[in-house]
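# Close look at the chain arrangement
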Amino acid sequence: MQEQYNRVNTSNPFGSQRYSTGADGRTEFTTTLSPQMQQLMDRGMGLAGRDMQRVQKPQGFEELVAAMMGRLGNRFGGKP
């Protein structure tokens, strides 16, 4: 019974969340985004599916990583 009281429908500028009972009698929880948030989500998902230009490592990056790993290895007893 307590679980039923904890199911509170909410609405805010970002969208809404609603509890309902499905045709099979089970509880359903639905999140609906506002049109603005849905647009942002669609745009973000669209960008995620694209190949992005690889970021070039700055000159000396590999040496810096090797030096840092060496120090960590020395400090924590590992092999550099």
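Let me begin by describing the structure that accompanies this report. (Residues numbered from 1 in each chain as written. Predicted model: local features only at pLDDT ≥ 70, side-chain atom pairs only at ≥ 80, totals over all residues. Heavy atoms only, no water.)

### A closer look at the pairing of strand β3 (residues 27-33)
Relative to β3, strand β2 (residues 15-21) runs antiparallel, the two sharing 7 bridges. Bridge assignment links Thr21 to a residue of β3, and that residue is Thr27. Between the end of β2 and the start of β3, which pair antiparallel, lie 5 residues, with Gly25 showing a positive phi angle near 90°. (Pairing = 2+ DSSP bridges. Helix = DSSP H or I, 4+ residues; strand = E, 2+ residues; numbered from the N terminus.)

### A word on helix α2 (residues 35-48)
The periodicity of an α-helix, 3.6 residues per turn, causes residues three or four places apart in sequence to face the same way. Helix length check: α2 (14 residues) gives 20 Å between terminal C-alpha atoms against 20 Å at 1.5 Å per residue, within 8%. Here α2 lies mainly on the outside; 0 of its 14 residues are buried. (Expected span 1.5 Å × (residues − 1). Buried < 20%, exposed > 50% of the residue type's maximum accessible area, 1.4 Å probe, protein only.)

### Digging into a nonpolar patch on the surface
A contiguous nonpolar surface patch, about 490 Å² in accessible area, is contributed by Phe61, Val65, Met69, Leu72 and Phe76. Note on placement: Leu72 falls in helix α3 (residues 61-76). Judged by its relative accessible area of 43%, Leu72 falls in the partly exposed class. (Patch = residues over 30% accessible without salt bridge, like charges linked within 9 Å, V, L, I, M, F, W, Y side chains within 5 Å. Areas by Shrake-Rupley, 256 points an atom, 1.4 Å probe, with all protein chains shown as cover. Salt bridge = Lys/Arg side-chain N within 4 Å of Asp/Glu carboxyl O.)

### Quick word on the packing of aromatic side chains
One pass over the full model with this rule turns up 1 aromatic pair. Considering the side-chain rings of Tyr19 and Phe29, the 4.7 Å spacing of their centres and the 45° angle between planes classify their relative orientation as tilted. In this pair, Tyr19 sits in strand β2 while Phe29 sits in strand β3, placing the two residues 10 residues apart along the sequence. Using a relative accessible area of 29% as the deciding quantity, one classes Tyr19 as partly exposed. Of the residues examined, Phe29 reaches a relative accessible area of 43% and is grouped as partly exposed. (Phe/Tyr/Trp six-rings, centres within 6.5 Å; stacked < 30°, edge-to-face > 60°.)

### A short note on the sheet that holds strand β1 (residues 10-12)
What holds strands together in a sheet is hydrogen bonding between their backbones, with the strands either parallel or antiparallel. Taken in spatial order, the 3 strands of this open sheet run β1-β2-β3, and their pairing is antiparallel. Looking at strand neighbours, the two that pair on one side only are β1 and β3, the edges of this open sheet. For this sheet, the mean inter-axis angle between neighbouring strands, taken without regard to orientation, is 20°. Bridge analysis of β1 against β2 gives 3 bridges, and the strand direction is antiparallel. By the bridge assignment, Thr10 is partnered in β2 with Gln17. (Axes fitted to C-alpha atoms, helices over the stretch in contact; angles between N-to-C directions.)

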